[in-house]
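If you want the building blocks of each chain, they are given just below.
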Amino acid sequence: MTALALLASLLWGGADFVAGTATKRLHPLAVTGAVHAVGFVGLLGWALASGGLAGWREWLPLALAAGVLGYVGLAAFYLALARGPMGVVAPIAAGGSALPVAVDLARGVVPPPLQLAGLALAVVGAILASGPDLRSGRITAAVLAMTFFSAVTYGVLMLVVAHGSEQYPAQTLMGLRLSSVVVAGGLALAARGLGGLRRSDAGTIAFVGVADTGANVAYALASTRGQVGVAVVLSSLFPVVTAVLARVVHDERLRAVQVVGVAGAVAGVVLVAVG
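Residues numbered from 1 in each chain as written. Predicted model: local features only at pLDDT ≥ 70, side-chain atom pairs only at ≥ 80, totals over all residues. Heavy atoms only, no water.

## As for the overall build of the protein
What the protein contains, in helices and strands, is 12 helices and zero strands. When the helices and strands of the protein are listed from N to C terminus, the series reads α-α-α-α-α-α-α-α-α-α-α-α. Relative to the 2.2 N^0.38 estimate, which gives 19 Å for 275 residues, the radius of gyration of the protein is 18 Å and therefore close to what a compact globule would have. Based on the C-alpha atoms only, the size of the protein along its principal axes is roughly 45 × 40 × 35 Å. Buried positions account for 45% of the 275 residues belonging to the protein. Sequence separation of 24 or more characterises 90% of the internal contacts of the protein that already satisfy a separation of 6 or more. Carbon and sulfur atoms make up 70% of the accessible area of the protein, which amounts to about 12,900 Å² in all. (Helix = DSSP H or I, 4+ residues; strand = E, 2+ residues; numbered from the N terminus. Rg over C-alpha atoms; globule rule 2.2 N^0.38 Å. Buried < 20%, exposed > 50% of the residue type's maximum accessible area, 1.4 Å probe, protein only. Contact = heavy atoms within 4.5 Å. Areas by Shrake-Rupley, 256 points an atom, 1.4 Å probe, with all protein chains shown as cover.)

## Overview of the environment of Gly264
Looking at the secondary structure, you find Gly264 in helix H12 (residues 256-274). On the basis of relative accessibility, which here comes to 13%, the residue Gly264 falls in the buried class. Remark: the alpha-carbon pair of Gly264 and Leu178, spanning 86 residues in sequence, is separated by 37 Å. For Gly264, the residues in contact, after removing those within four places along its chain, are Leu121, Ala122 and Gly125.

## Brief notes about helix H6 (residues 113-129)
Taking 1.5 Å per residue, 17 residues should reach 24 Å; H6 reaches 24 Å between its end C-alpha atoms and fits that length. Every buried residue belonging to H6 is among Gln115, Gly118, Leu119, Ala122, Val123, Gly125, Ala126 and Ala129, and all of these are buried. For H6, the angular spread of the buried residues around the axis is 165°, confining them to a single face. (Expected span 1.5 Å × (residues − 1). Arc of directions from axis to C-beta.)

## Quick notes on the side chain of His36
With respect to the element layout, His36 can be found in helix H2 (residues 28-49). Those residues in contact with His36 that lie beyond four places of it in its chain are Tyr71, Arg177, Ser180, Val181 and Asp212.

## Notes on the packing of H2 against helix H9 (residues 202-223)
H9 packs onto H2 with a crossing angle of 55° between their chain directions and a minimal axis gap of 8 Å. Taken together, the axes of H2 and H9 are oblique relative to one another. When you trace H2 past H9, the crossing you get is right-handed. Together, Val31, Ala34, Val35, His36, Val38, Gly39, Leu43 and Trp46 of H2 and Ile205, Ala206, Val208, Gly209, Val210, Asp212, Thr213 and Val217 of H9 make up the contact between the two elements. By residue class, the composition of the contact of H2 with H9 is 11 nonpolar, four polar and one charged. (Axes fitted to C-alpha atoms, helices over the stretch in contact; angles between N-to-C directions. Parallel < 35°, antiparallel > 145°, perpendicular 65-115°, else oblique. Left-handed = near helix turned anticlockwise from the far one by under 90°. Nonpolar A, V, L, I, M, F, W, Y, C, P; charged D, E, K, R; others polar.)

## Some remarks on the nonpolar core
Counting 45 residues, the largest nonpolar core has Trp12, Leu173, Tyr219, Leu234 and Leu237 as the members making the most contacts within it. Sequence-distant contacts of Trp12, that is, excluding residues within four places in its chain, are made with Met158, Asp212, Ala215, Asn216, Tyr219, Ser235 and Phe238. Ala15, Ala19, Val31 and Val35 belong to the second largest nonpolar core, which has nine residues in total. (Core = buried A, V, L, I, M, F, W, Y, C linked by side-chain atoms within 4.5 Å.)

## Quick word on the packing of aromatic side chains
Across all of its chains, the model carries one aromatic pair by this definition. Summarising the aromatic geometry, the rings of Trp12 and Tyr219 are spaced 6.5 Å apart at their centres and angled 40° between planes, so their arrangement reads as tilted. Taken as a pair, Trp12 in helix H1 (residues 2-22) and Tyr219 in helix H9 lie far apart in primary sequence, 207 residues in all. (Phe/Tyr/Trp six-rings, centres within 6.5 Å; stacked < 30°, edge-to-face > 60°.)

## A look at the packing of helix H5 (residues 98-106) against helix H10 (residues 228-235)
The contact between H5 and H10 brings their axes to 8 Å, and the two run at 165°. Judged by the inter-axis angle, H5 sits roughly antiparallel to H10. Of the two elements, H5 crosses H10, and the hand of that crossing is left-handed. Of H10, the residues touching H5 (which contributes Pro100, Val101 and Asp104) are Val228, Gly229, Val232 and Val233. Of the residues assigned to the contact of H5 with H10, the class counts are five nonpolar, one polar and one charged.

## Side note on the confidence of the model for the protein
On average, residues of the protein carry a pLDDT of 82, and 92% of them reach 70 or more. Looking at the elements of the protein, mean pLDDT is at its lowest for helix H4 (residues 86-94), recorded as 68, and at its highest for H9, recorded as 91. (pLDDT = per-residue confidence, 0-100.)

Here's what the structure looks like:
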């Protein structure tokens, strides 16, 4: 389970890094829609090869609703980034991974003490790796509300994927992508454009789509092989991966708080593994 969850973080972190670079000149919702379209094709193939649409009454309604919720949450996140201080918005949103842990605790599913300490350290490490900067400006109530909404939608989405993956992992993920692609297509028609996407962007979109889909699959499988809260936290360390890639590829200097965050996240993973 640990290896699959960490693979999800690695793939999500790489996908976010490449997508983040692309969105410097492209509309983020257009990139997200195109990436999800690529993922939908792959997940549809997996679903058809593993039982087709069997049991659709159990997974389809929840998957479609969660897919729309996730897409709206992503839009709220991007809007919060645009209107508020990124150094505050990004780490708060990353804290959404704590929701599934809280749900596990409420259900009486408590990890061993050492593992619980590792989870807490990993969550804090991921938040610090995002580079929080409380001096970056006043955050308005509206921006704060959008940020917390995006964090909650992320946590809910992870819970839905974990629930659906107990019996229908491929179908649940396919349903999530179907709804987000429909929403993205509707936005594209309304805007009468593709957000600046060109044929030359196909390679980038394909890479991000494959990496993002691979991360979803890895997390879905990890969530069925252990406690959901543990799988979510380990799968949510992608800010660490993105920060390290930015340092290696773009030579971006990591701030002291980010270095502490990376070290804390790694230490948390070790505690979870040995716990």
